[in-house]
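Structural description and commentary
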Amino acid sequence: MRASTQGYRFDWVLLPRGWAQDVEVRVDQAGMIVALGESVAAEPARRVRGYVVPGMPNAHSHAFQRALAGKTEFRAHAKDSFWTWRSAMYRLANRLDEEQMRIIATQAYVEMLKAGYTSVAEFHYLHRPREAELSSPPRSWQALGEAARDAGIGFTLLPTLYQHADFGAAPLRAEQRRFQLDSERFVEELERRIAAERRAGSATQRTGAAFHSLRAVDAGTLREVAARLRAIDPQMPVHVHVAEQALEVRACQRATGARPIELLLRTGALDDRWCLVHCTHANREELAAIASSGAVICIATTTEANLGDGFFDARAYARAGGRWCIGSDSHIGIDPSEELRWLEYEQRLRRRRRIALAGEEEPHVGTHLWRTAAQGGARALGQPVGEIAVGRRADWLVLDPDHPALAGASPQAALDHLVFGGGRAAIRDCVVAGQWVVADGRHALEQPSSGAFSALMQRLAAP
Ligand SMILES: [Zn+2]
């Protein structure tokens, strides 16, 4: 083994085959795991006490919405809904410049790392500056990449195509103008960015793409642009919001005669590079069709609950063999444990039974949910993460077995404690590409980032 690798000896680690004791890993200078076993090198290895688990990919983020968390929890209309919340979100979106987006995103990403997310897919449609022409590359795309680099989180930027206000190619409304990109410019900017990325060879950053929704991009354009993206990068992750709201499903049926997931399936574009965000109002046939396409569904439970979207039928989808992952979306909660806990609790409340989403071979719900979401998230981000194995990036969390939340927990039950027993405070360290970005519960940027964020929030709150 070359001396340029760093070695770690774990007391306990969750490997793809299950929990293992006294395991050594070697990490190269790019942050990739190059060897793993009982004893893999003559060089000394740093002892890591505690329970080591794969870091969680956050498959759906709109970073700027972190500035809205907690600010819309009062009655403002006779019938508050997703759509009235969206008006508040648009007001915020139209106030922010790129530097402010960077400040908010840095804070969101630091919070993610402290909560156990080690990488994030940023679904970004706030392309245009407020009072200027779009630069090349778009300044906002760079600002988000800088925020991710500063925070030290793995990052997949998903520049998002947004062209219409509603089904039937309705023109954008004034408050949506910052989102507009034509297909040609979208493909050109992506092509340029991906070429630059290939030259730079970053271990933690990559580019995918998204279509905002079938409201914002018609199915014909989606099919055509998806084919062009595939020619640029056959492995490019591609995301789309779909079937989040019952009203959206009805409007799609009225305009096109088909339900949105049906329409998406008919484009023939779906495959295992795709991530379908929400699918809250998918029926059983649609869930089975998505599962067999190989696409992954991103469930954003806390956001879906906060916006009153509806229940996702996770049991039916799991029975169909579907892959899934999680995302903190609007950032009403930035905590993978909370997403997973409420995903399980929704199923328990509906069935009036306990233990809904255990695996066939994994009886521990926390372990099963964590591993499934981490593996699905890795696919959604198009990054080699989600498992602790040779060829994967060194992204992991160290849980402190001496924390009260983990008191008396065997390794096999550690993730049950983390997800259901208030274990977030037991995340002692968070490692991304071999870098200890959170050590002993502290992130190096947390003071300056929260200071800049608080000052910005005060300015935005001023009349
Ligand atoms: Zn979203």
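Domains assigned within the protein are domain 1 (6-54 + 388-446) and domain 2 (56-381). On a C-alpha basis, the centres of domain 1 and domain 2 stand 28 Å from each other. On the side of domain 2, 26 residues touch domain 1, which itself brings 26 residues to the contact. Elements supplying a minimum of two residues to the side of domain 1 that touches domain 2: strand S4 (46-54), helix H13 (411-420), strand S15 (427-432) and strand S16 (435-439). Counting residues per element, the side of domain 1 that touches domain 2 draws most heavily on H13, at seven residues. Among the residues forming the side of domain 1 that touches domain 2, the class breakdown is 16 nonpolar, five polar and five charged.

Spatial strand order, S3-S2-S1-S4-S14-S15-S16-S17: eight strands in an open sheet with mixed pairing. Among the strands making up the open sheet, the edge pair consists of strand S3 (33-37) and strand S17 (442-443). The sheet contact formed by strand S14 (residues 396-399) and S15 spans four bridges and is antiparallel. Within S15, the residue paired with Leu399 across the bridge is Ile427. Strands strand S1 (6-15), strand S2 (18-27), S4 and S14 of the sheet are contacted by H13, whose axis makes an angle of about 60° with S4.

Time to look at the nonpolar core. Among the nonpolar cores identified, the biggest contains 131 residues, and Val52, Tyr109, Leu113, Leu276, Cys298 and Leu399 are the most heavily contacted of them. Both domains that meet at this core, namely domain 1 (6-54 + 388-446) and domain 2 (56-381), each give it at least three residues. Excluding residues that lie within four positions of it along the chain, Val52 makes contacts with Phe10, Trp12, Val13, Leu14, Ile388, Trp396 and Val398.

Looking now at the packing of helix H4 (residues 183-200) against helix H5 (residues 219-232). Relative orientation of the contacting elements H4 and H5 amounts to 20°, with a least axis distance of 11 Å. It follows that H4 is roughly parallel to H5 by the angle criterion. Our pair here, H4 against H5, has a crossing hand that is right-handed. Counted together, Ser183, Phe186, Val187, Leu190, Glu191 and Ile194 of H4 and Thr221, Val225, Arg228, Leu229 and Ile232 of H5 form the full contact between these two elements. Its residues placed into classes, the contact of H4 with H5 shows seven nonpolar, two polar and two charged.

Here the bond from Ser136 into Pro137 is cis, since omega is 0°, no more than 30 degrees from zero. Along the chain, the position of Pro137 falls in the loop between strand S6 (117-124) and helix H3 (139-151). For Arg352, which is not a glycine, the phi torsion comes out positive at approximately 55°. With respect to the element layout, Arg352 can be found in the loop between helix H11 (336-351) and helix H12 (365-381). For Asp440, which is not glycine, the phi dihedral falls at a positive 55°. Note that Asp440 resides in the loop between S16 and S17. Its 9 C-beta neighbours within 10 Å are what place Asp440 among the exposed residues.

Criteria and cut-off values
Residues numbered from 1 in each chain as written. Predicted model: local features only at pLDDT ≥ 70, side-chain atom pairs only at ≥ 80, totals over all residues. Domains from an automatic or database assignment. Contact = placed C-beta atoms within 7 Å. Helix = DSSP H or I, 4+ residues; strand = E, 2+ residues; numbered from the N terminus. Nonpolar A, V, L, I, M, F, W, Y, C, P; charged D, E, K, R; others polar. Pairing = 2+ DSSP bridges. Axes fitted to C-alpha atoms, helices over the stretch in contact; angles between N-to-C directions. Core = buried A, V, L, I, M, F, W, Y, C linked by C-beta atoms within 7 Å. Buried ≥ 20, exposed ≤ 12 C-beta atoms within 10 Å, placed from the backbone. Parallel < 35°, antiparallel > 145°, perpendicular 65-115°, else oblique. Left-handed = near helix turned anticlockwise from the far one by under 90°.

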